[in-house]
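# Structure assessment
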Amino acid sequence: MFQNIDAVLFDLDGTLIDSAPDLGAAADKMRTDRGLASLPLEHYRPMAGAGARGMLGVAFGLTPQDAAFEALREEFFSNYEACMTERTYVFEGVADLIAKISQAGLKWGVVTNKSARFTMPLTSAMPLFRTAQAIVSGDTTPHSKPHPAPLLEAARQLDVAPGKCMYVGDDERDIVAGRAAGMPTVAAAYGYLGATADIGGWNADATIVSPAALLQLLRMA
């Protein structure tokens, strides 16, 4: 299944980069601005993959159905925009993984549900993404994951048949989207949801516990 791969596509947050410190800081600033006690990063980290919904849920117990959610979400976005490259870092092993994928002649790219408002400045600021040949944001196509449209758009940008693209992500939505797009899928168990999610129930084609483990699947180790 993984021997005829011409491209590797990755989710962003929780798969390639750890953005939880900046996401958590943006939400926590909203608490301290209101005179509430700061919460430790450990509270925010498990929900980092859920973006504003997850961060506002931790900070204030809000859901998207709450009347105050829309206004607070925009405040969160503004806070995050101001700090999104301060504490975010590439997971250990990812830089070597990307280098070896490129050296092997495979194309690679990113498919994230993060909106382009954040994806483009963030990836532009991080050297890792200079060799990425496709970056598809949550608002690049009319649908975001778990719909397959963003993955199919990335395959189009890379000029690679979907069946020859592998998709790697740390959320069940990633695996659902990848399967719907006809791509072999890999669950990243080291991501944000790895400790609490039933990854075995996602029906991914493989699961990795570190970025380096992907090299073994690709027989590059």
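Residues numbered from 1 in each chain as written. Predicted model: local features only at pLDDT ≥ 70, side-chain atom pairs only at ≥ 80, totals over all residues. Heavy atoms only, no water.

### Overview of the overall build of the protein
Note the cut-off: Note on conventions: DSSP H or I runs of at least 4 residues are helices, E runs of at least 2 residues are strands, and numbering of each starts at the N terminus. Our radius of gyration is a C-alpha quantity, and the globule rule it is checked against amounts to 2.2 Å times the number of residues to the power 0.38. When accessible area is computed with a 1.4 Å probe and restricted to protein chains, residues below 20% of their type maximum are described as buried, those above 50% as exposed, and intermediate ones as partly exposed. Two residues form a contact once any of their heavy atoms are found within 4.5 Å. Every accessible area reported is derived by Shrake-Rupley at a probe size of 1.4 Å, with residue values counting cover from the shown protein chains alone.
Helix and strand counts for the protein come out as nine helices and eight strands. The C-alpha atoms of the protein give a radius of gyration of 17 Å, which matches the 17 Å a tight globule of 221 residues would have. Principal-axis analysis of the C-alpha atoms places the extent of the protein at approximately 55 × 30 × 30 Å. Sorting the 221 residues of the protein into buried and exposed places 49% on the buried side. Within the protein, counting contacts between residues at least 6 apart in sequence, those at least 24 apart form 66% of the total. As displayed, the protein has an accessible area near 9,700 Å², and 51% of this comes from carbon and sulfur atoms.

### Some remarks on the nonpolar core
Note the cut-off: Among the buried residues, those of types Ala, Val, Leu, Ile, Met, Phe, Trp, Tyr and Cys that are joined through side-chain atoms within 4.5 Å form a nonpolar core.
Counting residues in hydrophobic clusters, the biggest one holds 52 residues, and the most contacted among them are Val8, Phe10, Phe76, Trp108 and Leu214. By residue number, the principal contributor to this core is helix α4 (residues 69-83), which donates six residues. Every residue in contact with Phe10, bar those within four places of it in the chain, is listed here: Thr15, Leu16, Leu97, Ile98, Ile101, Trp108, Gly109, Val110, Val111, Tyr167, Val168 and Leu214. Among the nonpolar cores identified, the runner-up in size contains 15 residues, and Leu9, Ala134, Leu158 and Tyr167 belong to it.

### Description of the environment of His147
As a reminder, the rule being used: Whenever a nitrogen or oxygen atom comes within 3.5 Å of another N or O atom, the pair is scored as a polar contact, on the condition that within protein one atom can donate a hydrogen and the other can accept it, and that pairs from neighbouring residues in sequence are kept only if both atoms are in side chains.
Note that His147 resides in the loop between β5 (134-136) and α7 (149-158). Residue class for His147 comes out partly exposed when judged on its relative accessible area of 34%. Sequence-wise, His147 and Pro46 are 101 residues apart; in three dimensions their C-alpha atoms are separated by 23 Å. A polar atom in the side chain of His147 sits 3.0 Å from the backbone nitrogen of Ala149.

### As for helix α5 (residues 94-103)
As a reminder, the rule being used: Within this analysis, the arc is defined by the directions that extend from the helix axis to the C-beta atoms.
Within α5 the residues assigned to the buried category are Val94, Leu97, Ile98 and Ile101. In an axial view of α5, the angular spread of the buried residues amounts to 95 degrees, which keeps them on one side of the axis. Contacts from the buried residues of α5 go to β1 (7-10), β3 (89-90), β4 (107-111) and α9 (211-217). Downstream of α5 by one or two residues, Gly105 has phi in the positive range, about 85 degrees.

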